[in-house]
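So the chains spell out like this:
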Amino acid sequence: MTGEILCVGTELLLGDIINTNAAFLARELAALGISVYHQTVVGDNGGRLREAVSLALSRSDLLVMTGGLGPTYDDITKETAAQALGKKLVWNQQAYDRMEAYFLRTGRVMSENNRKQALMPEGAVVFQNENGTAPGAALETDGKIIVLLPGPPSEMEPMFCDQVRHYLEGKTGQTFFSRTVHLFGIGESAAEEQLRDLMESSGNPTIAPYAKTGEVLLRVTAAAPDREQALRLLAPAVEKIQKRLG
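Residues numbered from 1 in each chain as written. Predicted model: local features only at pLDDT ≥ 70, side-chain atom pairs only at ≥ 80, totals over all residues. Heavy atoms only, no water.

(A) Structural detail: unusual backbone geometry. The phi torsion at aspartate 142 lies on the positive side, around 50°, for a residue other than glycine. Note that aspartate 142 resides in the loop between strand S7 (136–141) and strand S8 (144–149). (Helix = DSSP H or I, 4+ residues; strand = E, 2+ residues; numbered from the N terminus.)

(B) Representation of the packing of helix H2 (residues 20–31) against helix H6 (residues 153–169). Close contact between H2 and H6 brings their axes to 11 Å; oriented N to C, the two are set at 20°. By the criterion of interaxial angle, the relationship of H2 to H6 is roughly parallel. In the packing of H2 onto H6, the handedness of the crossing is right-handed. Along its contact with H2, which presents Thr20, Asn21, Phe24, Leu25, Glu28 and Leu29, the element H6 presents Pro153, Met156, Glu157, Phe160, Cys161, Arg165 and Leu168. By residue class, the composition of the contact of H2 with H6 is 8 nonpolar, 2 polar and 3 charged. (Axes fitted to C-alpha atoms, helices over the stretch in contact; angles between N-to-C directions. Parallel < 35°, antiparallel > 145°, perpendicular 65-115°, else oblique. Left-handed = near helix turned anticlockwise from the far one by under 90°. Contact = heavy atoms within 4.5 Å. Nonpolar A, V, L, I, M, F, W, Y, C, P; charged D, E, K, R; others polar.)

(C) Fine view of the sheet that holds strand S10 (residues 206–212). In spatial order, the strands read S9-S11-S10; together these 3 strands make up an open sheet with antiparallel pairing. The sheet terminates laterally at strand S9 (175–183) and S10, the two strands that pair on one side only. In this sheet, adjacent strand axes meet at a mean angle of 25° when their direction is disregarded. Examined bridge by bridge, S10 and strand S11 (residues 215–224) share 7 bridges and lie antiparallel to one another. Each residue of the ladder has a partner; that of alanine 211, found in S11, is valine 216. (Pairing = 2+ DSSP bridges.)

(D) Quick peek at the packing of helix H3 (residues 46–59) against helix H4 (residues 77–84). At a minimum axis distance of 10 Å, the contact between H3 and H4 shows a crossing angle of 45°. With respect to each other, H3 and H4 are oriented oblique. Between H3 and H4 the crossing geometry is right-handed. On H4, the residues that touch Leu49, Arg50, Val53 and Leu57 of H3 are Thr77, Thr80, Gln83 and Ala84.

It is worth stressing that arrangement in space is one thing and function is another; only the former is reported here.
Quick look at the structure:
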């Protein structure tokens, strides 16, 4: 399964907020065996958001979106996703009840515009938000899946870990697992020269170099039905690297 991450919010484009959601989701999707080839950030603009969603669905099986699920007029992620998959928005009483309970628990008054957050795409799997007001959702049509998640990491991360991860586990039959080999006293180009044949011939697992300050990292990644089988694939590849570099 191929996946794509689309983070929505003009504040991200302006640099007012650091986009930690993309890094978190990339790690989580990789662990589920979902290959992520594209990440995009788009502002709160209907035309550009529709264009980004259309492009993502044309090249990926799964689109994970964060942000734009709030109560204000410029929160249009849910509406755009539903339109892209030909879904209507329908009232979800459970989502509304959870929202009411949240406001009571926090001692706040719910505004009328919060009601729009209880409108969910028809047929969607709804992910309840235990840490805020915006529920998430997963909608699927003709083999394409869109997962909608709130933007604040304090809401998005627990929703993914507690609910979305389990939902996605049923959509893929493999996982990715990586081992990192740390190299010191050698540059990236020299390491690649000594290991180039291993890198070019690698299929599963793959070997990729990353330069960091004071060291070079080699990330060896295997795809397998489970962690144990991935580790068995990784072991001989790491051993070859260690023997080659000494």
